[in-house]
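# Coordinates in review
Below are the chains, spelled out letter by letter.
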Amino acid sequence: MNEMRPPVVMVFAGHDPCGGAGIQADIETLTSLGCHPCTVITALTAQDTHCVRDFQPVSVTFMVEQARAVLEDVRVDAFKIGMTASVEIIEAIHTLLQDYAGIPVVFDPVMAAGGGGALSKENLIEAFTDLLIPVTTVITPNSLEAKLICSDADSLDACAQQLMALGAGYVLVTGGHDKSPEIINRLWGHRQFLEEYKQKRLPGDFHGTGCTLSSALAGYIAHGASVAGAVREAQAYTAKAIHNSRRLGMGQLIPDRLAWSSKAR
Ligand SMILES: Nc1ncnc2c1ncn2[C@@H]1O[C@H](COP(=O)(O)OP(=O)(O)O)[C@@H](O)[C@H]1O
Ligand SMILES: Cc1ncc(COP(=O)(O)O)c(N)n1
């Protein structure tokens, strides 16, 4: 037996059968960073490398049963929340997290797929703001999600301040959707702007980049990194996965999240 215990991250997320986003992206990312993912499926989706065709949330009772079974057995070092699909599922995750306060929570407020297609049939914003953001350590909206959640804010800074006032410890707004030649990600924490990260935009459209970045962030935090340190490392990890993306279908490219750990590539 190996006595070394890897950091454990419990992920709440949906399944993407093309393997580019969702729970598979989370498993690949966390595993290649030396963490052990415990995965609670919130929804099944029918999607390809282009877009989402449909999805079905899982039974809430059964989702809670999945999570409780693991939480009563395994010590978890961080939570990551991705696709939540319904208000009912958000309520259940909120109730679960109440019993595990103090464990860092990385929340990627997924509402739609990057390539197109809703990943919820109802408006989740009120449930996000009332139930998940107050228990979040780091929220990772892309700039569109930040503006949707904070619809009355007139700048990204105002969005971030609003998210922190709701209870998020840190806000990382990602700029993958901005279409500028340079991608700018911005980090706020402790009610103030902390840092801006610029990187060259690689040509192409990529599937599951937000899932990869937020899982990597949860992984580094589970390893004990500070939030600012984890943000830097997670961006480097994501950049490498995107740089090594492969064309598997006719739509978006799929980042190679194993490129990090494999010397053969
Ligand atoms: N074309 C790209 N070139 C380089 N990095 C990218 C590219 N697209 C995304 N990324 C990286 O992945 C991160 C997350 O992607 P983004 O599209 O912002 O999130 P989401 O998938 O949640 O919409 C970006 O902040 C950036 O660091
Ligand atoms: C099951 C699932 N979860 C999340 C996303 C969003 O992915 P992205 O990282 O491209 O925003 C997705 N397309 N499918």
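As a starting point, this report considers the structure included with it.

Basis of the calculations
Residues numbered from 1 in each chain as written. Chains lettered and ligands numbered in written order. Predicted model: local features only at pLDDT ≥ 70, side-chain atom pairs only at ≥ 80, totals over all residues. Heavy atoms only, no water. Buried < 20%, exposed > 50% of the residue type's maximum accessible area, 1.4 Å probe, protein only. Helix = DSSP H or I, 4+ residues; strand = E, 2+ residues; numbered from the N terminus. Pairing = 2+ DSSP bridges. Polar contact = N/O pair within 3.5 Å; in protein donor to acceptor, adjacent residues only side chain to side chain. Lys, Arg positive; Asp, Glu negative; His and termini not counted. Salt bridge = Lys/Arg side-chain N within 4 Å of Asp/Glu carboxyl O. Contact = heavy atoms within 4.5 Å. Axes fitted to C-alpha atoms, helices over the stretch in contact; angles between N-to-C directions. Parallel < 35°, antiparallel > 145°, perpendicular 65-115°, else oblique. Left-handed = near helix turned anticlockwise from the far one by under 90°. Nonpolar A, V, L, I, M, F, W, Y, C, P; charged D, E, K, R; others polar.

Let us look at the pairing of strand β7 (residues 170-173). Here β7 shows a buried face lined by Y170 and L172 and a second buried face lined by V171 and V173. Where strand β6 (residues 138-139) lies against β7, 2 bridges are found, and the strand directions are parallel. In the sheet register, I139 faces β7, and the bridge partner there is V171. Relative to strand β8 (residues 182-189), β7 runs antiparallel, the two being bridged by 4 bridges. Its bridge partner being in β8, L172 is matched across the sheet by L187.

Position of D256 among the secondary structure elements: in the segment after α8 (227-243). For D256, a relative accessible area of 4% translates into the label buried. Distance from D256 to E88, taken between C-alpha atoms, is 33 Å for residues 168 residues apart in sequence. Separated by 3.0 Å, the side chain of D256 and the backbone nitrogen of L258 make a polar contact.

Here we take up the side chain of D16. The residue D16 is located in the loop between β1 (8-15) and α1 (22-32) in this model. Here D16 occupies a buried position and makes no salt bridge, while the nearest side chain of opposite charge, R257, is found at 7.2 Å. A distance of 3.4 Å separates the side chain of D16 from the backbone nitrogen of G20, its partner in a polar contact. Here H207 takes part through its side chain, which lies 2.8 Å from a polar atom of the side chain of D16. Among all residues touching D16, those that are not within four sequence positions of it are A21, T45, Q47 and H207.

What follows is about the sheet that holds β1. Across a sheet, strands are paired by hydrogen bonds formed along the backbone, either parallel or antiparallel in direction. Pairing within the open sheet is mixed, and its 9 strands lie in the order β3-β2-β1-β4-β5-β6-β7-β8-β9. Either end of the sheet is taken by a strand with one partner, and the two such strands are β3 (52-57) and β9 (192-200). Along the sheet, α1 contacts β1, β2 (36-47) and β4 (78-81); its crossing angle with β1, the most-contacted strand, is approximately 155°. In the packing of helix α6 (residues 156-166) onto the sheet, the strands contacted are β6, β7, β8 and β9, and the crossing angle to β8 comes to about 35°.

Packing of helix α7 (residues 209-222) against α8 brings their axes to within 8 Å, and their N-to-C directions diverge by 140°. As far as their axial angle goes, α8 and α7 are oblique. The element α7 and its partner α8 pack so that their crossing is right-handed. In this structure, α7 uses T209, T212, L213, A216, L217, Y220 and I221 to contact α8, whose residues at the interface are V227, A230, V231, E233, A234, Q235, Y237, T238 and I242. Looking at the contact of α7 with α8 residue by residue, the classes come out as 11 nonpolar, 4 polar and 1 charged.

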